Structure formats: C-alpha cells, structure tokens
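# A look at the structure
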Amino acid sequence: PHLYKASQGDMRKLDLADVIFYNGLHLEGKMQDILEKISKQRPVISVSKNVAQDHLRAGSPEMGSEHDPHIWFNVQNWMSAVETVRDELSALDAVHAEEYKANAESYLTELRELDDYTREQIASIPEAQRVLVTAHDAFGYFGDAYHIQVRGLQGMSTESEAGSQDVTKLRDYLVEHKIKAIFVESSVPRKAIDAVIQGAAQQGHIIKVGGELYSDAMGEEGTEDGTYIGMVKHNVNTIVKALK
Ligand SMILES: [Zn+2]
C-alpha cells in the first residue's frame, strides 16, 4: 500500500462528490477505510474492477496475495478503467448515457494510439539497453506490456524508505550489467538513488540520472503532463531519450 492521507481539502471533495472513482487493489492504503464509510451513502467505484485477471500482476513478495496496484502503466488496463467509468456513469445518469458513450469512444481511440506509440517507441531501444531502473517498483505493468526489463530500488510500496541493503543490491546489479542510466520519480525521495549512483562511482562505474518519471503522480494541472496521456508520453520520451 501507499501512504495516501486525505487532506482536509480532499475530504471536502469526497463530501461533495455524487460518485467517487478510485483505483483500487489497495493503492489507496489507509484511505480505503474512508472510502468504505462513504460507500454506505454514495456510489464508490474501483476503476480496476473489470481489468481482466490475466492483465493483473502479482505484487511483490511482502504483499502476500495482493496484486500490483499500478495498473495504469499498461494503457490497455486504463482503457478497461475508462469503460468501467463509462458504464457506471451511464447507469447512474441514464439520461446522458449517449454522451458518456461518445466521449468514451473518442478517448478510447486516443488511448489505443497511445498504446501503439508506447510499444513502438520502447521497441526502438536496442534490446541490451532496454532496462528501466527506478526508485520504487511502479513500472512492472509497463515492463510487461512494452517489453522492457524493470528493476526498482525499494519494492512496490512507498511507505518505507529504501534500506542500505536495497542500495547495495541495486548498485551491484547496475555495475555488473553496465547500466548507464537510472530514473528518479517525482513522488519518491531522491536520497537513495543518489547513494546508488555514488556507490557505483566508487567502483568506477558512472551512472547518469536519465530524468524524472511520473510514477504515482502526474504533472501540474493545466499542463500536458497533468493529463494521463501527457504523463505517459513524458515517461516514454524520457526513457527512450536516456536509453537509446
Ligand atoms: Zn506506487
């Protein structure tokens, strides 16, 4: 799970909402309790609920039987989420069902293009260099869907910081495989990544920071990166530029 705490502002938004959509698969961590309470009064819907079972990944070992919650990094999973939102809104507000259908259709077309774009771009990186190293294990779905190996420093949760053992293990892996770039994440502290880079440098292997990826975050509202499509494209372009 992740450390999502609802702020006062968030609580107010939840209070005012007619319907609440959330990711699910335990991504919301402790906020789950709040959502459950609200669900007694209003529709509260997990957008991951209709993702095909064989499109879900297992979580990291410490997560037991839970799935990896970062489903949105396979664009096809997010298409399923769009369909779920369309169907739920149409059921709750049948008068506007045609509108929801048309809007979903045009957005799904954009997502299909995004899925193709991502696959083509990642395939343009030579295979030996196709390794994505990041701070926390958010990109497993991305790796599976777009055929790039993924290594994270601190597992799938952002609740605890990476320990010195994690740092040593990742450093050795990077030195051994001569990996040239490692990516930082906007939502994860940078300290441990810097420790890995320093450790490798002491062994004579220079690693550069390939750029900042959005993992559990998006860009500023009102910018391109502040949209789902812009966020995915930012990640893809950053990865390709650093690894190609
Ligand atoms: Zn995460």
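Sequence order as written defines the numbering, with residues in each chain counted from 1. In view of the model being predicted, local features appear only for residues whose pLDDT reaches at least 70, and side-chain atom pairs are presented and counted only at 80 or more, with totals across whole chains, interfaces and linings using the full set of residues. Side-chain calculation: all heavy atoms of the structure are included, whereas hydrogens and water are not.

## Some words on the overall build of the protein
Applied cut-off: Working definition: helices are DSSP H or I runs of at least four residues, strands are E runs of at least two. Numbering for both runs from the N terminus. Only C-alpha atoms enter the radius of gyration; for comparison, a globular chain is expected to reach 2.2 Å times N to the power 0.38, where N is the number of residues. Three labels apply to residues, based on accessible area from a 1.4 Å probe with only protein chains included: buried if under 20% of the type maximum, exposed if over 50%, partly exposed otherwise in between. We call two residues in contact whenever any of their non-hydrogen atoms come within 4.5 Å of each other. Only the protein chains shown count as covering a residue, and every accessible area follows the Shrake-Rupley method with a 1.4 Å probe. In this charge count, Lys and Arg are treated as positive and Asp and Glu as negative; neither His nor the chain ends contribute. Every charge is mapped onto a representative atom, which is NZ of Lys, CZ of Arg, CG of Asp or CD of Glu.
Across its full length, the protein carries 8 helices and 6 strands. For the protein, the α and β elements follow one another from N to C terminus as α-β-α-β-α-α-β-α-β-α-β-α-β-α. At 19 Å, the protein has a C-alpha radius of gyration in line with the 18 Å of a compact globule built from 244 residues. Each of the three principal axes of the protein carries a C-alpha extent, and together these read 65 × 35 × 35 Å. The proportion of buried residues among the 244 residues of the protein is 46%. For the protein, the share of sequence-separated contacts (at least 6 apart) that also reach a separation of at least 24 residues comes to 68%. A total of about 13,100 Å² of accessible surface is found on the protein, and carbon and sulfur atoms cover 50% of it. Distance between charge centres in the protein, computed from 25 positive and 38 negative side chains, equals 5 Å.

## Some points on the nonpolar core
Rules: Here, the term nonpolar core denotes a set of buried Ala, Val, Leu, Ile, Met, Phe, Trp, Tyr and Cys residues that are joined through side-chain atoms within 4.5 Å.
Among the nonpolar cores identified, the biggest contains 36 residues, and Phe 73, Leu 111, Ile 122, Leu 132, Phe 142, Tyr 228 and Ile 239 are the most heavily contacted of them. Those elements giving two or more residues to this core turn out to be α3 (75-92), α4 (97-123), α5 (140-146), β5 (181-185) and α8 (228-243). Top contributing element to this core by residue count: α8, with 9 residues. Excluding anything up to four places from it in sequence, Phe 73 contacts Ala 138, Phe 139, Tyr 141, Phe 142, Tyr 146, Tyr 214, Ser 215, Met 231 and Asn 235. One finds Val 184, Ala 192, Val 196 and Ala 200 within the second-largest nonpolar core, a separate group that totals 19 residues.

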